Structure formats: C-alpha cells, structure tokens
Amino acid sequence: MNSNTVRFVFTILISAAVYSLNTTCAHATVLTLPITDDTYVQTSEPDMPGTTEPICLVGYYQPECPDFSPWDCGPHICPSSYRTRTYLHVPIQELTYHGIYHGDIESVSLHLHQFDMRSWIFYPVEVHTLGRQWESGTLTWNSQPFIGPVVATVTISPLIPVQSIDLTTWVLDVLSGSAENNGLMLRASQENGTSSTFYSSDCSSVSLPVPCEESFKPHLSVIYDGNTPPDPAHLVTPHENMGFASRTVEFTWKPAEDADDDTVMYRLEIFSPSDPDTAVYVSEYLPETIHAHTFSHDGIYTWQVRANDQHPSGAGVSVSDRRTVTIDTTPPDIPVLESEPQYTVGEENTVYFGSGTEGSNDEYLFQASVCKDFSGEVKTSAWTREQSFLFDDLADNVRYYYRAQARDIHGNISEYSSVEASIQDVFLKIEGLNASMSPKNDNSDITRHVSISASITGGIQPCWDIHMTNSDISSPQEPSVSLAHGCGSVIDMRIPIDTNAFSQSDTIFITLHATDISGISAQTSPEKIAIVPTNTHESGKDREHEDSHNPDTGHHDTTTEPQSPTGRALSGNASSAQPVHSPTHTRSSKETPSNKPTPWSDAPVFKCSLIRNISTLSVQTQSCTPPKPRISSIAHNGTDGNGISRISITSFPAYPVTVQITYVRCKPKSFWDPGTWFSCKQEIIGHTARTVIPAIEFTYHTTPPITLSEYRTSNPYNNRFQLNLYSFSDPAGIQIKLRSAYRISLQFGTRWSDIYTESPWSDKKTVPKNAHPVPPPHPLSPVVELPVGVTQWHGYTAFQQPHTGIDFGVTTRVITSPADGTIERVGWDSSSGQCLSGGNFIKIRHDNGLYSVFFHLRDTKSPDGQLWEIGNRVQKGTPLGISGNTGSWNCQPLGHHLHYEIRRNSSQSTHTDPVPLTAVDWNSIPTLNWQAYPGRLTGDNPHPSF
C-alpha cells in the first residue's frame, strides 16, 4: 500500500467522522460556508506531482526530499527550502444573509483537507489576521500584506487529512465589530523542514492523486441555534447598472423559498449614492414581489430586498445581493462642432466635434442641409458613437450647413449644436498646357518670347503663376524666375524673356502653378523648351575654366575628409556612423561662385578644451558646452492609417567642433618639491588642436507634456537635421524645444577617449494645426477578459527604466490576439540568460504593421492544446494561451502576471504604449496595490490619480 492510498483511506474515514459529528446535535443547525477566495504566496513555483494548478501550501517546501511513508526508519528532516503560506478570505458577512447573528452561534471551525505531505512530521501552524483589507487576486510574492495578530494555532498532522481550526472567538469578534475581517494567513511557525498541501477553492479543475470532491474544498462549519431563515430573494429587474431617463422605476424579484414553509414578506431597501450604508428609502414589508418607487434626485443608487419568514419563535431574515440602478434625467452636453473650413474639397466632408460631451458612451446624430435653418433637404446620419461623420455625394460649389446632437445611454437627448458651414470646392486641373519659344530676331538680340496657353478647370476663383528655370523645377537648389501671374481660368499670352538670366544651358523649363481662393493648388510638370545655343560673346559668360569645373559645387573642389590621428574617418550624423566631408575650396580668380550652398557652410564652430595626462593616460574635459540648436521649422504632416500624427522638425545644430588639447605629464618625484611626493603634480608639455565631426543626438520637451515616439533622419544635409516625432493624439498647439547631445571620440595612441556634452535648450516653437485631422482609431482589441488590474504601466516607472510593456495582474487567464496576424516567433526567452528571462513567449506580426509580444505564459500552446509554430495565422480574438509564472528576474520568479508589449517593428527598442491603440475604457482598469507601491502610478498611466 503506497502513501497516496494511505492518505485516501484516512481522508474518507476522517471526512465520515466529521460528517457524523456535524449531524449528531438535534438541537442545533449546521451551516457550511465555502471559502471561494484563496491564494498562496511563495518564492518559487512548487514542483507538485501531477499539477501546476491552484493549490494551497503551508510550511517549508523541499523539492529534494523524497515522499516518505510512515513505515520508513531513520531521520527524515531535510534542509528547508521555500517557505510557503496560504491566504484565505473568510465569508463571515454571509452569516447575516442566512439570518445568523452573534447570539445564535455556538461554534465556527475552518476545515482544510490535505492531499500531500513532504515528510511525516507534526509541525505547528499559526493563523494570523491580515493587516490590510483583502484584495482578491493581488497577493503575489512582491505584495504580501502586513501580518496581524494570531487568532488560532493548529498542529498539522500527517495522519489526519482533515485539519479543523477553531475560529469561534475571532468570528464573534468580527460580528461584534471589535475585529476586522481582512482575511487570514496560515504559516508555519518554525523552520522544521516540512510542508502540507491542501485542496483550494478551485480544486475541481485540478488532476490530483485523490479526486477532488466538494467537501474537500476549504469551508467553514457553523453550528447555531434558531430558525432557518428563508433563501435570499433573487433580484430580477432592473438589471445591474441599468439606467433610466424616468425617475419612476419598477423593482421585481422572485419569491424566496423557506425550509420551514413559513410565510415570507419582503422589504425593498434603496441606499444613497454617496453613502452605501445609508438607506434613502425603505418600504413596508410586502407580500408581493414587485414594488415601484419614484426617486427625487438623479444618481447611482444601490438596492436590495430583505426577506422575513414570520416564524413564530422569531423571524428569520435573509438579504439578497445588491444591484445598482442609475437615475439620469439630465440630457448630455450639447456637442461642440469643430470650426469648419471656409471651403471643403471634393464631394465628401467629415464633420468633427471636440470637448463638451457628457461621456464616452454617448451616441451622436449629425445633419447636413443646404438651408441654414435646416428647412430644406436634410442629410441625417444614424446614431453613432463616433465623434465624426462623413457626408458624401455633396454637390460642387454649394454651401452646406452642419449640426449635431447627443444622446446618452439612458435615452436623454441634447439640444442641437451650433451650426457650422462650408462650401464644397472641387480639385483644380490644368489642361492644354502649350509652351513654345519664338526664334531670335538677330545675333545681338538676346530677348526671346515664350508663347504659353492653358486652361484651368475646377476650383473657385483660380489664380496662377508661370515660372522658368534652366533645370528641373523639382530641384529646390535651382533658381527660378517668375515670368507672369494673374487670375482666371484661361491663359493665352506671349512673354518676353532673357535667356542669359540663367547659365549657359540649351534648354529652359516652364512650370504653371495655380491656386484657388480656398487654397487648393495644382502644378504642371516642367515643360522643356529648347534654346538655340549662343556664343561666348553673346552670353557674356567666361567659360575659360569649364573643363576643370566641379559640376556639383560650381568650383574646383579639393574636399578632404577629416581624420583622426590614426587616419580613421570621423562621422557626424544623428544615428549612424556615415562619412562626413568638411570641404575646403580653392578657386581661380575668374571662377564664379556657385549658388548651391556648401554643407555646413553656415555652421558655427564651437570649442572643447581637454587636458590629456600622458602619465596617467587620463583625459579631463575643461570646457565643452555646445551652443543651443536653432529650430528652423515645424510641420504637422497629418495622420497615417493607424491615427498617428507625424511632426517634422528641421533644426540647425552647431557643427563641427574644434578640440583644444593641452598635453601634461606628472613631474618626476623630487625631494625638493613636496607637491610630487604623494600625488601627480602636472606640468604642461605641449598643445594641439583637432577639428572633428561629432555624432549628434536630440532630445525633446513638450509643453504641455505629451508622449511622442522619435524617429530621425540620418545624413544631415547643409547642417540641417530633420526629426520625425509621432503622437497618438492631436499635437496641434503644443510647444516643442530641442536639446542636442554631442558624442566625440578621440584616439590617443592605442586608446580612445569619449566626450559627451549637451547643449542648452533651444527656443520653443509651436506645432501648427493640421488642416484635416483624423480621429485616432483603436486597431487593437483587449488581450485578456476585462476588467483586470495592472501591476505596472508602460514607460519610465519607478521599477524599470523603461518598462517596455504593460503588466496585467492575472494568474491563469486566457490570452487572446489583439488583431489579425502571423506568429513570427514562439518558444522560451533566453536572450538575456537564465536569470533574466521572459519565460514562454509568443510574438505576432499583425497585418496592420504592429507587433505584439506576450511573456511569462504557462506554455506555448493554445487553450485547446494546439502547439503554436512560426507561420501560424491568428485572427483578432484567437485564444493564444494561458498566462503563467515562467521566466525570472535576477534569478527570482516574478509571480503570476502577463507582460504585454506592442512594437512598431520586430525590435524591442521600438516598443510603444498599448493604451492609446487599444479599444478599452482604461478608466475601469485600476492600478493594483498602488497604496503600498506608489511608484506604480508612474510611466504612461492613463489615470495616475489611482
């Protein structure tokens, strides 16, 4: 007979004995209350045989010890390993629901059923209260509550599978108000090297050596005198969180059954929105199961039904559960339409409105009409929760008027908003462009005539300009000449030009640009016109040095690349080491300077002063403060398909750097010079200077603060750096300032020295408004069933710098895909070694361009057992797996949770905040245990006030 069989026999015998004991007292009644909320806290995942599901452990877990039987001989104490403890939430409040009060109770005992022992030794266990209020599901290894006083002790025996703990005194103290019911903790009081494993409230889902029965779950056994109260009434209507636009509400419930067949009367109780313990209405006891009540004020009320069984020896009372009902007779706020532009392009127009609405659950109705009072034909949308609506099939050159109204979830409808209007413009189109040049009159006349004809269709009151260049107009560095301008839809004219206004070219290019009154523009491609070549005398140009001319710069180019002392090319862009040239030029006396600017020609040079000690091989920076960068322009370039706004910033940093180096050495030690006795007394031995191109980085600061993602262009052109910043919200109106950071590497012999220095902040510039903003959509769905709490937000939190994802405080929840995509990687995270591992993980490349990654999963199988492989397709909402506790941090387990990341591409360095991309009411997602760890409020917390 093995040990598991022995335990099974003991379990059956003791359970039968307890049942017999509980049914022998004819004068008393026994009530069994199950404990449905329990957990355990430990410093390592237990290797329990046959299960990794919820269990409760008490004692010192020893993975190296064998499973001893009572017939083994010799010492069996093994070195203690992991101290474990069990937390239970005792449902004392349910006693009053059953009509059991302080004076009715004879005894209360807690029953725990154990199914595994690590050794056959008796050991003591203390039962403590908890020092703070019970929070379901938040007890993890790093958030253990304070321990309260001891309320009971018990000796755990390997021979008694049913452990009964007397809690009578503590339960009576809770009912009398002299003690708090924050839950209990069972922990071993001595390091005796043993532990017991008990069935938990969730044991029915666990495959154990002894099959789990209902009586094996932890429960309270209450022996009391008195009448058996009726069952609690089952509430029917209104449903939980149901709202009414009327203040008269009809409440209904099902009849309550009574074990003694007593007549049951009912009383409706309604409680204040501000104080859930204060009743604002209590009805008389009623025989009916329906009652109407008229509220005097709006608010969110709670209600319950109290059942009284009218027993002759004393009434038994039971109380139903509570529900909430919302009374809201106030219409939502009137929508505030965003100002319409004077003109709108095309046959479609999207109408937006901004702040001023009552809540995120409101619906909106939009209307468009050609009449300001909406008396004529009206286009009306359906009710929608979107804060914008696209009107299509609009007539050209017609003024339309727009308005909106709101409706809340209870049916209250607001007044119409103010009216905005715009005229439907059409796109410009330039047709029939024809440009030709008339022949020369004679050799001395350099004046030619260009004949140009074209027509402009569409638009409102178009005006036009005609430009001429000697190169493709797409090159911004080529000069252009305005030949003519005017307004109207027909162009037919002959224009005199001086062809020698440009270089000695045999062609010119004509471009026609048109703009209407609403700002809509159109431009033709350059129209090429051939010019009969002229001789040197006619052109007035000296082409003596044409053969040796550099065609790019317009002069003789002797550009040299700046070198380090070893000849290594120094780089100078913002993100990667690209060769950068610092040009120097020589020019013949007859050479004409080019109009094309030289890279960094307008860049001021700043200086750094260094002291290089050749005795100690050290470098000391004396003075190296760069000038502040200058923001040239800021452009708001609209939004992409994911609703992300792009801001383009052009900046002029100082470039390059002159490094003034002073070489020193330690003076030889001398008896006559005390300064050399115990330290290095420096003496100057020479000076040198180097001009280098540094690597430049940028940081930004916004007012007011908003979260931006930064991408920058490399290869600065003309000392200009263009940075692209991305925002999940409309950045219009914010102010941005920049700071540049310089990284300079210098080689001295075989050693390199690095300098890092930051500039002052630049002056602030304001981001302009985008002409047609697009509301950011939510391309991702929730990955766990909500609501569920967050233990750490994305961003720079007090615990990680940065924290690259969101940690959800879940134990064994089903995880689903946030969007359609393909599994790119799956397996065990070993990128940082065994002590810094994310455990089992899945990475998905989504069809919308984003990437999602899930860490610490129980395994890499779907909940139905499918083993995921690279290339498998998943849809939005596809169950991916079960959250778990795999991986480690600093060689310690992390506790059950889900680490969830969203990335812009496959690399973790492109992590971004999932909050603005996910269709979730984040106001319903709490930050768990923030009172004990306020640092969890940091990062990109969408509601940092709690």
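To start, this report covers the structure provided alongside it. (Residues numbered from 1 in each chain as written. Predicted model: local features only at pLDDT ≥ 70, side-chain atom pairs only at ≥ 80, totals over all residues. Heavy atoms only, no water.)

Remarks on the sheet that holds strand β26 (residues 399–407)
And step 1. With mixed pairing, the 5 strands of this open sheet are ordered in space as β21-β27-β26-β23-β24. Across the chains shown, the open sheet's two edge strands, defined by having one partner strand only, are β21 (343–345) and β24 (378–380). Pairwise comparison of adjacent strand axes, ignoring direction, gives a mean angle of 35° for this sheet.
And step 2. Pairing between β26 and strand β27 (residues 420–425): 4 bridges, direction antiparallel. Each bridged residue has a counterpart across the sheet, and for Tyr401 the counterpart in β27 is Ala421. (Pairing = 2+ DSSP bridges. Helix = DSSP H or I, 4+ residues; strand = E, 2+ residues; numbered from the N terminus. Axes fitted to C-alpha atoms, helices over the stretch in contact; angles between N-to-C directions.)

Quick word on the environment of Gly131
And step 1. Its location among the elements puts Gly131 in the loop between β6 (123–130) and β7 (147–156).
And step 2. A C-alpha to C-alpha distance of 7.2 Å links Gly131 and Asn182, two positions 51 residues apart in sequence.
And step 3. Those residues in contact with Gly131 that lie beyond four places of it in its chain are Phe146, Ile147, Gly148 and Asn182. (Contact = heavy atoms within 4.5 Å.)

With respect to the pairing of strand β37 (residues 618–623)
And step 1. Direction of pairing for strand β36 (residues 606–613) relative to β37: antiparallel, over a ladder of 5 bridges. Counted as the bridge partner of Arg612 is Val619 from β37.
And step 2. Hairpin connection, β36 to β37: the antiparallel pair is bridged by 4 residues, and Leu617 has positive phi, about 55°.

Details of the sheet that holds strand β12 (residues 234–237)
And step 1. Spatially, the 3 strands line up as an open sheet ordered β12-β14-β17, and their pairing is antiparallel. Two strands bound the open sheet, and with one partner strand each, they are β12 and β17 (290–294). The sheet shows a mean angle of 30° between the axes of neighbouring strands, direction not considered.
And step 2. In this structure, strand β14 (residues 248–254) lies alongside β17, joined through 5 bridges in antiparallel fashion. Looking at the pairing, Val249 lines up with His293 of β17.

Overview of the packing of aromatic side chains
And step 1. Summed over all chains, the structure comprises 18 aromatic pairs.
And step 2. Of note, Arg322 hangs over the ring of Phe271, and the distance from its end group to the ring centre comes to 3.8 Å.
And step 3. It is Arg403 that lies over the ring of Tyr416; its NZ or CZ is 3.7 Å from the centre. (Phe/Tyr/Trp six-rings, centres within 6.5 Å; stacked < 30°, edge-to-face > 60°. Lys NZ or Arg CZ within 6 Å of the ring centre and 35° of its normal.)

Observations regarding a nonpolar patch on the surface
And step 1. There is a patch of nonpolar side chains on the surface, built from Phe671, Trp672, Trp677 and Phe678 and spanning about 660 Å² of accessible area.
And step 2. Locating Trp677 in the fold gives a position in the loop between β40 (657–666) and β41 (682–692). (Patch = residues over 30% accessible without salt bridge, like charges linked within 9 Å, V, L, I, M, F, W, Y side chains within 5 Å. Areas by Shrake-Rupley, 256 points an atom, 1.4 Å probe, with all protein chains shown as cover. Salt bridge = Lys/Arg side-chain N within 4 Å of Asp/Glu carboxyl O.)

A short note on the pattern of salt bridges
And step 1. Within the structure shown, the criterion is met by 16 salt bridges.
And step 2. Close ionic contact of Glu269 with Arg306 constitutes a salt bridge, the shortest N to O distance being 2.8 Å. Here Arg306 lies in strand β18 (residues 299–308) and Glu269 lies in strand β15 (residues 265–271), a separation of 37 residues in the sequence.
And step 3. For Arg665, the salt bridge identified is with Glu683, shortest N-O distance 2.7 Å. Here the residue Arg665 occupies a position in strand β40, and Glu683 occupies one in strand β41, the gap between them amounting to 18 residues.
And step 4. A relative accessible area of 39% means that Arg665 is categorised as partly exposed.
And step 5. A relative accessible area of 21% places Glu683 in the partly exposed class.
And step 6. Among the ionic contacts, a cluster of salt bridges with common partners joins Arg267, Glu269 and Arg306. (Buried < 20%, exposed > 50% of the residue type's maximum accessible area, 1.4 Å probe, protein only.)

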